[in-house]
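Read off the chains here:
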Amino acid sequence: MNIAGKDLNLLLIFHVLYQEKSVSAAAERLALSQPALSHKLAKLRHDFADPLFVRAPRGLAPTPRAHELAPRVQHLVAGIEGFFDFCEGSDYLARDDRVHLYTTDYMEQLLLPRLLPVIRREAPRLQLVTHNTRGRLPRAELENGECDIAIAGFYAGLPDSYYQQRIHTEGFVVLAARDNPRIGETLDLESYLACEHLVTSLTGDLHGRVDQKLTEIGRSRRVVAGLSSFMAPPLLVVGSDLLLTCLESVATHAQAHVPGLVIHPCPLFLGGIEVIQTWHQRTHEDRLRGWLRGQIQAALESSPAVEG
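The rules behind these values
Residues numbered from 1 in each chain as written. Predicted model: local features only at pLDDT ≥ 70, side-chain atom pairs only at ≥ 80, totals over all residues. Heavy atoms only, no water. Helix = DSSP H or I, 4+ residues; strand = E, 2+ residues; numbered from the N terminus. Rg over C-alpha atoms; globule rule 2.2 N^0.38 Å. Contact = heavy atoms within 4.5 Å. Areas by Shrake-Rupley, 256 points an atom, 1.4 Å probe, with all protein chains shown as cover. Salt bridge = Lys/Arg side-chain N within 4 Å of Asp/Glu carboxyl O. Buried < 20%, exposed > 50% of the residue type's maximum accessible area, 1.4 Å probe, protein only. Core = buried A, V, L, I, M, F, W, Y, C linked by side-chain atoms within 4.5 Å. Pairing = 2+ DSSP bridges. Right-handed = clockwise from strand over helix to strand, strands pointing away.

K.L.:
Is there a simple way to think about the overall build of the protein in this case?
P.N.:
Of the regular secondary structure elements, the protein holds twelve helices and eleven strands. In terms of overall dimensions, the protein is more spread out than a globule: its C-alpha atoms have a radius of gyration of 24 Å, far above the 19 Å expected for 308 residues. Oriented by its inertia axes, the alpha-carbon framework of the protein measures out at about 80 × 40 × 30 Å. In the protein, of all internal contacts separated by at least 6 residues, the share reaching a separation of at least 24 is 76%. Entry remark: accessible area of the protein is about 16,100 Å², with carbon and sulfur atoms responsible for 51%.

Below, the structure is given as structure tokens:
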């Protein structure tokens, strides 16, 4: 193929069609009419001697040839976008754009008070939309453009097309009511197991890291509730004999805002957890998103809950 005789805009058409798998959705995203997009799809099919996308019960289904081409086209489109971002210099901060961040309610509360003022000052036309990660890596969303950055402490086994950056490491403590009748000056294992427990479970699974460690030593605890929030459980601990085993920064934040709470060292060795921000290679070269990832790291590093 001679590049001089090719319409490189067709690569963007392919890229968006592959992500959206819908002519109407792709046309809207590209600001084209559906007939115009269909005409460009016909040219793509001619150039690659393959149907590329065929009708399916829900939109379009990529052919094997399209699946084969998609990673290369994605890399090319990202490189071209990165080139033009570079040519814009600092003007990329003035772009109209919307970034989707998948994380937890706790990370929202930790990050946004410091992150949003920076965005409003430095990139005032950028909109940030947060979504609950719900205990899983939003893989499909990262690949199809619905998610730009995902932040959590439970992503593992990422494929080569993903990037990740450790932005925080911390350990676990136990949050209790100051007047908990089952605990003396210190919290030992027997007092810990004499209490009932709350857990945060984004997936509904109540058998977590604590329970795995207890099983190893032939012990168990009673979990009375699993909540989908990191911020609500401390409110239930106050004035009760319930315990919450949580990240140290969650406990520090709760103690600072909810009177009557005390933090104990965990009587089990649970190790630490690494908070990771993850993104797909399709956004790796985007300067605006790269800038935002840097601001996220800086905001987390300077957060009082983390510093404490």
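K.L.:
How should the pattern of salt bridges be read in this particular structure?
P.N.:
Using the criterion set out here, one finds 19 salt bridges in the structure. For the salt bridge of Arg-29 with Glu-20, the shortest nitrogen-to-oxygen distance reads 2.9 Å. When its relative accessible area of 42% is taken as the criterion, Arg-29 is described as partly exposed. Here Glu-143 and Arg-139 are joined by a salt bridge, their closest N and O atoms 3.4 Å apart. Within this pair, Glu-143 and its partner Arg-139 are both found in helix 6 (residues 139–144), separated by four residues, close to a single helical turn.

K.L.:
What is the right way to read the side chain of His-197 from this model?
P.N.:
The residue His-197 is located in strand 7 (residues 196–200) in this model. The buried category is assigned to His-197, whose relative accessible area is 0%. Once residues lying within four places of it in the same chain are set aside, the contact partners of His-197 are Tyr-192, Arg-221, Arg-222, Val-223, Val-224, Ala-225, Leu-242 and Leu-243.

K.L.:
Even after reading the chapter, I still don't get the environment of Tyr-192, so can you show me in this structure?
P.N.:
Position of Tyr-192 relative to the elements: it lies in helix 7 (residues 189–194). Judged by its relative accessible area of 0%, Tyr-192 falls in the buried class. Measuring from C-alpha to C-alpha, the distance between Tyr-192 and Leu-242 comes to 9.7 Å, with 50 residues separating the pair along the chain. Contact partners of Tyr-192, with chain neighbours within four places excluded, come to Val-174, Leu-187, His-197, Val-210, Arg-221, Leu-243, Thr-245, Pro-267 and Leu-268.

K.L.:
Help me out: how do you make sense of the nonpolar core in this one?
P.N.:
Burial of nonpolar side chains together is a common tendency in soluble globular proteins. With 41 residues, the main nonpolar core has Ile-151, Trp-291, Leu-292 and Ile-296 as its most contacted residues. Taken together, the elements giving at least two residues each to this core come down to strand 3 (97–103), helix 5 (105–122), strand 5 (149–152), strand 6 (162–177), strand 9 (242–247), helix 10 (248–257), strand 11 (272–280) and helix 11 (287–301). If you tally residues by element for this core, the top one is helix 5, at eight residues. Each residue touching Leu-292, except ones within four places of it in the same chain, is listed here: Val-99, Leu-115, Ile-119, Leu-128 and Ile-149. Counting 20 residues, the second largest nonpolar core, distinct from the first, contains Leu-17, Leu-52, Ala-70 and Val-77.

K.L.:
Would you mind going over the pairing of strand 8 (residues 222–227) with me for this structure?
P.N.:
The two faces of the sheet receive side chains in turn, since in a regular strand these alternate between them. Of the pairings in the sheet, the one linking strand 7 to strand 8 comprises five bridges and is parallel in character. Considered in strand 8, the bridge of Glu-196 is made with Arg-222. Where the polypeptide runs from strand 7 across helix 8 (residues 209–216) and back to strand 8, its parallel neighbour, the crossover connection is right-handed.

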